[in-house]
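The primary structure of each chain is shown beneath.
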Amino acid sequence: MLETIGLAGLVGGVTGLIAHLIRHEKSLIYPKKIKRPKSLHLGFLADVLIGALAAIFTTHYLFNPSDNRELLGIAIMAGMAAENVLLYKELNTERAKADELNKLNDRLGR
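A quick note: this is a predicted structure, and the numbers were derived from the prediction, not measured.

## Comments concerning unusual backbone geometry
Point 1. Omega for the peptide link from Arg 36 to Pro 37 comes to -15°, which places this bond in the cis form.
Point 2. By the element assignment, Pro 37 lies in the loop between strand 1 (32–34) and strand 2 (39–41).
Point 3. Non-glycine residue Glu 25 carries a positive phi angle of around 55°.
Point 4. The residue Glu 25 is located in the loop between helix 1 (2–23) and strand 1 in this model.
Point 5. Residue classification places Glu 25 among the exposed positions, given a relative accessible area of 71%.

Following this line, the structure appears as structure tokens:
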């Protein structure tokens, strides 16, 4: 059981790392502290953790893979799905920002 969890986490983490590299044009965004508001930006570690956790959750709770080949396939798909959810959320945030800027520009008569 620990072997399957570890393998799923590893595969999901690698999938998250690859998705991060694709999204950021083959460059790693490293973790850094942000002064205002005081917080921590995890960078590529966030994508790795999200991919790994999604893969572990999917292979452990949703599916019961019968062999390692099936486990790898499910873990990769779970990691990709988690990244797609994050991208969709990011896209909606950017759309909302653009809509608000357009409304502001219309009010100002630009």
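## Quick look at the layout of surface pockets
Point 1. There is about 310 Å³ of room inside the largest pocket.
Point 2. Taken together, 15 residues form the lining of the largest pocket, with Arg 23, His 41, Asp 47, Leu 86 and Glu 90 sitting closest to its centre.
Point 3. Of all the secondary-structure elements, those providing two or more residues to the lining of the largest pocket are helix 1, helix 2 (44–62) and helix 3 (68–108).
Point 4. If you tally residues by element for the lining of the largest pocket, the top one is helix 3, at 5 residues.
Point 5. Looking at the lining of the largest pocket, its residues break down into 5 nonpolar, 5 polar and 5 charged.

Definitions and limits used
Numbers given for residues are sequential positions, taken from 1 along each chain in its written order. Side-chain atom pairs in this predicted model are given and counted only at pLDDT of 80 or more, local residue features only at pLDDT of at least 70, and totals for whole chains, interfaces and linings cover all residues. Calculated side-chain values reflect all of the structure's heavy atoms, with hydrogen atoms and water omitted. Secondary structure elements are taken from DSSP: a helix is a run of H or I of four residues or more, a strand is a run of E of two residues or more, and numbering for both begins at the N terminus. Buried means the residue's accessible area, taken with a 1.4 Å probe over protein chains only, is under 20% of the maximum for its type, while exposed means over 50%, and partly exposed covers the values in between. In this analysis, the protein atoms alone were mapped onto a 1 Å grid. Cavities are point sets where a 1.4 Å probe fits without being able to get out; pockets are open sets with protein on both sides within 12 Å along at least five of seven lines; lining residues have an atom within 4 Å of a point. Grid points are joined across faces, edges and corners, and a volume is the space filled by probe spheres set on the points. Just so you know the grouping, Ala, Val, Leu, Ile, Met, Phe, Trp, Tyr, Cys and Pro go in nonpolar, Asp, Glu, Lys and Arg go in charged, and all remaining residues, Gly too, go in polar.

Note that all results are geometric; they support no functional claim without further evidence.
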